Amino acid sequence: MIHLVFATNNHNKLREVQVLIPKNIKLLSLKDIGCFEDIPENQKTIEGNAIQKAEYVKNNYGYDCFADDTGLEVEALNGEPGVFSARYAGPQRNANDNTNLLLQNLESKSNRSAQFKTIIALHLNNALTTFEGVCKGEVTTAKYGHKGFGYDPIFKPNGYEQTFAEMDLSLKNQIGHRGKATKQLVEFLGKISLKK
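Residues numbered from 1 in each chain as written. Predicted model: local features only at pLDDT ≥ 70, side-chain atom pairs only at ≥ 80, totals over all residues. Heavy atoms only, no water.

*Asks:* Looking at this model, I keep getting lost on the side chain of Asp64. Mind explaining?
*Replies:* Tracing the backbone through its elements, the reader meets Asp64 in the loop between helix H2 (46-61) and strand S3 (65-74). A polar side-chain atom of Asp64 sits 3.1 Å from a polar atom in the side chain of Lys58. Contact partners of Asp64, with chain neighbours within four places excluded, come to His3, Leu4, Val5, Lys58, His123, Leu124 and Asn125. (Helix = DSSP H or I, 4+ residues; strand = E, 2+ residues; numbered from the N terminus. Polar contact = N/O pair within 3.5 Å; in protein donor to acceptor, adjacent residues only side chain to side chain. Contact = heavy atoms within 4.5 Å.)

*Asks:* How do you make sense of unusual backbone geometry when you look at a structure like this?
*Replies:* With glycine set apart, most residues show a phi of negative sign, and most peptide bonds adopt trans. Between Glu80 and Pro81 the backbone carries a cis peptide bond, its omega angle lying at -5°. By the secondary structure assignment, Pro81 is in the loop between S3 and helix H3 (95-105).

*Asks:* I keep staring at the sheet that holds strand S1 (residues 2-6) and nothing clicks. Help me out?
*Replies:* Backbone hydrogen bonds are what pair the strands of a sheet, in a parallel or an antiparallel way. Pairing is mixed across the open sheet formed by 6 strands, whose spatial order is S2-S1-S3-S4-S5-S6. Both edges of this open sheet fall to strand S2 (25-28) and strand S6 (155-157), since each of them pairs with a single strand only. Taken over all neighbouring pairs, the strand axes of this sheet differ in orientation by 35° on average, direction set aside. Against the sheet, H2 makes contact with S1, S3, strand S4 (113-124) and strand S5 (127-139), and its axis sits at roughly 160° relative to S3, the strand it touches most. (Pairing = 2+ DSSP bridges. Axes fitted to C-alpha atoms, helices over the stretch in contact; angles between N-to-C directions.)

Taken by themselves, the reported measurements are silent on function.
Written out as structure tokens, the structure reads:
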């Protein structure tokens, strides 16, 4: 049995990832290992933040760990909010404030193309591996749906008429950025556990 920490306090993220992780891997949360401090996320890239979080847990708590960082990159806003997605409207990290500000900043824009990008950094057996998942789509003009979290009510993936917030979790995991990155992680972990 592999014990792995997922470096997040976001129970929505934990729930999304937990259903994808195979049974031979025991997923631990930050709460499970007694980590209650704010892990630094002050890098200039999504990948940098993911690596920083994974290394923080490994270096301070000694557990093998993976961490993710996700950003919504909007074409008409030169890739904003990107690495600042969680705190786009300020340090309070309020999803409602963030989505409202993004809709406001896009009011005069006809190009609403955007993509969600997730990077997962895995610190396992003293080696670092990263995985990337991307989901392309567009930002809607209003909020739709009550499922999901973050920018989900205003992001409609290409080929679908629903926003992420209108979709069942199983469909979101199948086509979404975090699901894609997590599948790569799971495949990698499967190969590791087969070797043991």
